[in-house]
Amino acid sequence: MEKHFKEERTLVVIKPDGVQRSLVGEIIKRFEQVGLKLSAVKMMVPEPSFIEKHYTLDPNWMRLTGEKTIKGYLDKGLEPPSNDPIAISQKILDNLKKYVTSGPVIAMVWEGAHSVKIVRKLVGGTEPLTSDVGTIRGDYVLDSYQMGDVDGRSVRNLIHASGTIEEAEMEIKHWFLENELVDYRLIQEQILYDVNLDGILE
Ligand code: UDP
Ligand code: MG
């Protein structure tokens, strides 16, 4: 049988800057408040090879990320550092291996209806300079592609969140063993998902 919408899962990683900025509670609160369910959580200091693998699980990530960065420059009327998306992404990947391994991270799996898109909406766009007010990246950090490139480092944006359902499935397998995911019911799921809401009145 096809999975129900409410069973969709997504991976969130609070990057080292999110932990250092003491934003773990604030970030978790936003996902709890929207109605998602925490299915797994752990703290670790990842190895560079583990991060490289994470970002290259999707063979298209190199091209798409490079293209997005080039567009970010062009939209502001700026010259991108290169016009080759793959060359840009290789540098991004090298920087990410330093950034995301620089301290402890918190990896989590969040489950619920449309969790991939809902989490991305709450997290906000990749570049904090342009991510919307009200999103986690928009509200709590102030970095830009340009500053990251001039200083030769990753854009610090507090969080990783899976971009698509397929990405989420690959990433969850990369970060968690099957038996680390906990299957349980939250009482609030009744009000979020029950069709007839017939368990409320006495
Ligand atoms: N990144 C960067 N410079 C760039 C583009 C991306 O440092 O020009 C970093 C940034 O930390 C981002 C991560 O690489 O979160 C992964 O990029 P992706 O395009 O997948 O963005 P995300 O899915 O995290 O929004
Ligand atoms: Mg991504």
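Structure shown above.
This section reports on the structure supplied with the text.

Conventions adopted
Residues numbered from 1 in each chain as written. Chains lettered and ligands numbered in written order. Predicted model: local features only at pLDDT ≥ 70, side-chain atom pairs only at ≥ 80, totals over all residues. Heavy atoms only, no water. Pairing = 2+ DSSP bridges. Helix = DSSP H or I, 4+ residues; strand = E, 2+ residues; numbered from the N terminus. Axes fitted to C-alpha atoms, helices over the stretch in contact; angles between N-to-C directions. Contact = heavy atoms within 4.5 Å. Expected span 1.5 Å × (residues − 1). Buried < 20%, exposed > 50% of the residue type's maximum accessible area, 1.4 Å probe, protein only. Polar contact = N/O pair within 3.5 Å; in protein donor to acceptor, adjacent residues only side chain to side chain. Near = heavy atom within 4 Å. Areas by Shrake-Rupley, 256 points an atom, 1.4 Å probe, with all protein chains shown as cover. Nonpolar A, V, L, I, M, F, W, Y, C, P; charged D, E, K, R; others polar.

1. Overview of the sheet that holds strand 2 (residues 37-44)
Pairing between sheet strands relies on hydrogen bonds along the backbone, with the strands arranged either parallel or antiparallel.
1) Next: One open sheet accounts for four strands, arranged 2-3-1-4; its pairing is antiparallel. The sheet is open, and its two borders are formed by strand 2 and strand 4 (159-161), each paired with just one other strand. Sheet twist, expressed as the mean angle between neighbouring strand axes with direction ignored, is 15°.
2) Next: Here helix 6 (residues 115-123) sits on the sheet in contact with strand 1 (9-14), strand 3 (105-111) and strand 4, set at roughly 30° to strand 1.
3) Next: Packed onto the sheet, helix 9 (residues 165-175) meets strand 1, strand 2, strand 3 and strand 4 and runs at close to 60° relative to strand 1.

2. Notes on helix 5 (residues 85-99)
1) Next: Compared with the 21 Å implied by 1.5 Å per residue over 15 residues, the 20 Å span of helix 5 between its first and last C-alpha is a close match.
2) Next: Of the positions making up helix 5, those classed as buried are Pro 85, Ile 88, Ser 89, Leu 93, Asn 95, Leu 96, Lys 97 and Tyr 99.
3) Next: On its buried side, helix 5 packs onto helix 1 (16-20), helix 3 (48-55) and helix 4 (61-75).
4) Next: Between a side-chain oxygen at the N-terminus of helix 5 and the backbone nitrogen of Ile 86 the separation is 3.1 Å; the capping residue is Asp 84.

3. Here's the deal with the environment of Gly 163
1) Next: By secondary structure assignment, the location of Gly 163 is in the loop between strand 4 and helix 9.
2) Next: Setting aside its immediate chain neighbours within four residues, Gly 163 contacts Val 116 and Arg 120.

4. Some words on the pairing of strand 3
1) Next: A large share of strand 3 lies buried, amounting to seven of its seven residues.
2) Next: Across the two faces of strand 3 the burial is the same, with Val 105, Ala 107, Val 109 and Glu 111 and Ile 106, Met 108 and Trp 110 all buried.
3) Next: Two strands pair when backbone bridges link them, and strand 1 and strand 3 are joined in this way by six bridges, in the antiparallel orientation. Within the sheet, the bridge partner assigned to Thr 10 lies in strand 3 and is Trp 110.
4) Next: Bridging between strand 2 and strand 3 involves seven bridges; their strand directions are antiparallel. Residue Lys 42 lies in a different strand from strand 3, and its bridge partner there is Ala 107.

5. So, the site of ligand 1
1) Next: Surveying the vicinity of ligand 1 reveals 16 residues, the closest of which are Thr 69, Arg 120, Thr 126, Val 155 and Asn 157.
2) Next: The contact in question runs from an oxygen atom of ligand 1 to an N or O atom on the side chain of Arg 120, over 2.8 Å.
3) Next: Between ligand 1 and Thr 126 there is a distance of 2.5 Å, counted from an oxygen atom to a side-chain nitrogen or oxygen.
4) Next: Summarising the interface, the protein chains cover 96% of the accessible area of ligand 1, which totals 510 Å² for the free molecule.
5) Next: Those elements that place two or more of their residues in the shell around ligand 1 are helix 4 and helix 5.
6) Next: Ranked by residue count, the leading element in the shell around ligand 1 is helix 4, at four residues.
7) Next: Among the residues making up the shell around ligand 1, the classes are represented as seven nonpolar, five polar and four charged.

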